[in-house]
Amino acid sequence: MGGGNDILKPRRTVFVTVGSTCFDALVQAVDTSEVKEELFRKGYTDLLIQIGRGSYVPIKLYDRVIESFHLKIRMPFVLSGFDIQVSYGKSSGMFVSSTGECESLQVDYFTYSSSIADNLRSASLVISHAGSGSIFETLRLGKPLIVVVNEDLMDNHQSELAEELAQRKHLLCTRPQELYQTIGGMDLESLVPYPPADATPVAKVMSRFLGFPDD
Amino acid sequence: MLAMEKGINCFFSASASNVYIYFITIAIALVVIRVSYVIYRSSKPLHTTSPQPLSTLIVLGSGGHTAEMLNLLSVLHTDSFTPRLYIAAATDNMSLQKARLFESSVIDKTGVLENAQFMQIYRSREVGQSYLTSIGTTLMAIAHALWLMIKFRPQVILCNGPGTCLPLCVIAFFFKVLGIRWSSTFYVESIARVRRLSLTGLLLYELHMADKFFVQWPQLQRKYPRAHYVGCLM
């Protein structure tokens, strides 16, 4: 019966993006069991990572788990499929919930995509590098966002923007090694929606300066 | 006799060098006065009784910079800023595509084929290029920028970084000093700059080369009082 409920449960995907940068520290941080455990505890079911130019590849122990998951969809009442999952245990990103049910956080990754808009749209939580493009694309879609600042960058003016937006409660800002604590302590209800952009003040000042009538 | 001749020679050479110094001083003074006047005049609004459309140069940075610029263009009365020339770095293919898309939406709205041109400009230095070869490429980039500016002679320059716009703004300023063409330069610092200006922004601000300088965060305006705080473009 527990298996049956599991299938009806909506998927809640965490999308991780490093953009066109090389940010192995973030991919590595997301791939730790601490972070996965916290995400699972918060009710997320999938983890999709865009790894960009980085050389670190997330551990894909999950292929077999996904297989057994499909088995579970087809035959939710077959207990043998259930047993296989338990035997993989924690190393494959599976956790025993409080009711004794066994569930898994499915992990997948890709390097690049011409547009991450669809990934962002289908995500329930976005974990991103501090690039302004990714930040604003996510905020525009109204998705909860955790920005992880790359401390290895030399001229790190990017953290300025993330810190400012975090101060205004539009997003959460953290470092790779503190990511699991941020996820553990996050309260997404406290985030404030980002107000729509307005370029009319600039246009007004320009028009007035040039002598055009403003309307 | 000899002593007297020598004295006269000395007098002549001394007066000749005096004349040189005199002329050089006057020339420098004139240039300083002209530059100060241009800076002073640039800070004041244009007083046009019957405003005509102004030829506008729009410098597209890249990714985020271009997105911010297009957000600004979408609220601008484009018929006042006609014709428009879009310039992007030669290595940046996406920006001009996005500008073309924007221009086609303008045509849809008004039904007239607007006068818009699109051009690419050489960059002075690519990421990772050696300093020795970048001297040559910088000269190339300046020559290219100069040629474009002479050809188009914009009355309005719109830019928001990064470095691509710098040679164009400098040339526009010299055109003003030399009386070739009066133009108004508007610079919007990127939203990513919260506490410090970018190098391009800082140079344009300190050298008084932007007639209006916009920032998107209040703390930057407090630091640079001549800047206008206008809220977020993204």
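Residues numbered from 1 in each chain as written. Chains lettered and ligands numbered in written order. Predicted model: local features only at pLDDT ≥ 70, side-chain atom pairs only at ≥ 80, totals over all residues. Heavy atoms only, no water.

(A) View of the overall build of chain B. Helix and strand counts for chain B stand at seven helices and seven strands. The helix and strand sequence of chain B, counted from the amino end, reads α-β-α-β-α-β-α-β-α-β-α-β-α-β. Of all 234 residues assigned to chain B, the portion counted as buried reaches 42%. Within chain B, contacts between residues at least 6 apart in sequence are counted, and of these 69% link residues at least 24 apart. (Helix = DSSP H or I, 4+ residues; strand = E, 2+ residues; numbered from the N terminus. Buried < 20%, exposed > 50% of the residue type's maximum accessible area, 1.4 Å probe, protein only. Contact = heavy atoms within 4.5 Å.)

(B) Quick look at the interface of chain B and chain A. Between chain B and chain A, the residue contacts involve 38 residues of the former and 28 residues of the latter. For the pair chain B and chain A, the two sides together bury roughly 2,900 Å², of which 69% comes from carbon and sulfur. Linking chain B to chain A there are two salt bridges. Between Glu 163 of chain A and Arg 195 of chain B there is a salt bridge, with the nearest N and O atoms lying 3.1 Å from each other. Linking chain B with chain A are nine residue pairs in polar contact (both at pLDDT 80 or more), by the criterion used here. Secondary structure elements with two or more residues in the side of chain B that touches chain A: helix H2 (63-73), strand E4 (156-159), strand E5 (184-188), strand E6 (212-215) and helix H7 (218-223) of chain B. A per-element tally of the side of chain B that touches chain A places E5 of chain B first, with three residues. Class assignment of the residues belonging to the side of chain B that touches chain A gives a composition of 22 nonpolar, ten polar and six charged. (Buried area = accessible area lost by both parts, 1.4 Å probe. Salt bridge = Lys/Arg side-chain N within 4 Å of Asp/Glu carboxyl O. Polar contact = N/O pair within 3.5 Å; in protein donor to acceptor, adjacent residues only side chain to side chain. Nonpolar A, V, L, I, M, F, W, Y, C, P; charged D, E, K, R; others polar.)

(C) Representation of the confidence of the model for chain A in the model. A residue-level look at chain A finds 73% of positions with pLDDT of 70 or above and a mean pLDDT of 80. Overall, residues 97-102 of chain A carries pLDDT values under 50, and its contacts beyond four positions in sequence, including any with other chains, amount to ten contacts. (pLDDT = per-residue confidence, 0-100.)

(D) Structural view of the packing of helix H4 (residues 131-152) of chain B against helix H5 (residues 166-178) of chain B. All names here are of chain B. In contact at an axis separation of 9 Å, H4 and H5 are set at 50° when each is read in the N-to-C sense. One finds that H4 runs oblique with respect to H5. Remark: the crossing between H4 and H5 carries right-handed chirality. Here Ile 142, Ala 145, Leu 146, Met 149 and Ile 150 of H4 come into contact with H5, specifically with Pro 167, Leu 168, Ile 171, Ala 172 and Phe 175. Per-class residue counts for the contact of H4 with H5 are ten nonpolar, no polar and no charged. (Axes fitted to C-alpha atoms, helices over the stretch in contact; angles between N-to-C directions. Parallel < 35°, antiparallel > 145°, perpendicular 65-115°, else oblique. Left-handed = near helix turned anticlockwise from the far one by under 90°.)

(E) How the structure looks around the sheet that holds strand E3 (residues 116-121) of chain B. Taken in spatial order, the seven strands of this open sheet run E3-E2-E1-E4-E5-E6-E7 (chain B), and their pairing is parallel. Looking at which strands have only one partner, the edges of the open sheet turn out to be E3 and strand E7 (228-229) of chain B. Relative to strand E2 (residues 84-89) of chain B, strand E1 (residues 56-60) of chain B runs parallel, the two sharing five bridges. Following the sheet pairing, Leu 57 of chain B is matched in E2 of chain B by Leu 85 of chain B. Along the sheet, helix H10 (residues 200-210) of chain A contacts E4, E5, E6 and E7 of chain B; its crossing angle with E5 of chain B, the most-contacted strand, is approximately 165°. (Pairing = 2+ DSSP bridges.)

(F) Inspection of the packing of aromatic side chains at higher detail. Under the definition given, this model contains ten aromatic pairs over all chains. Centre to centre, the rings of Phe 209 of chain A and Phe 186 of chain B are 5.7 Å apart; their planes meet at 85°, and the pair counts as edge-to-face. Residue Phe 209 of chain A is located in helix H10, and its partner Phe 186 of chain B is located in strand E5; the two belong to separate chains. According to the relative accessible area criterion, Phe 209 of chain A is buried, its value standing at 3%. Where Tyr 22 of chain B meets Phe 23 of chain B, the ring centres are 5.9 Å apart and the plane angle is 70°; that geometry is what we call edge-to-face. Like Tyr 22 of chain B, the residue Phe 23 of chain B is exposed in the burial classification. Counting every residue linked through ring pairs, the aromatic cluster contains Tyr 187, Tyr 205, Phe 213 and Tyr 224 of chain B. The ring of Phe 118 of chain B carries the charged tip of Arg 100 of chain B above its face, separated from the ring centre by 4.6 Å. (Phe/Tyr/Trp six-rings, centres within 6.5 Å; stacked < 30°, edge-to-face > 60°. Lys NZ or Arg CZ within 6 Å of the ring centre and 35° of its normal.)

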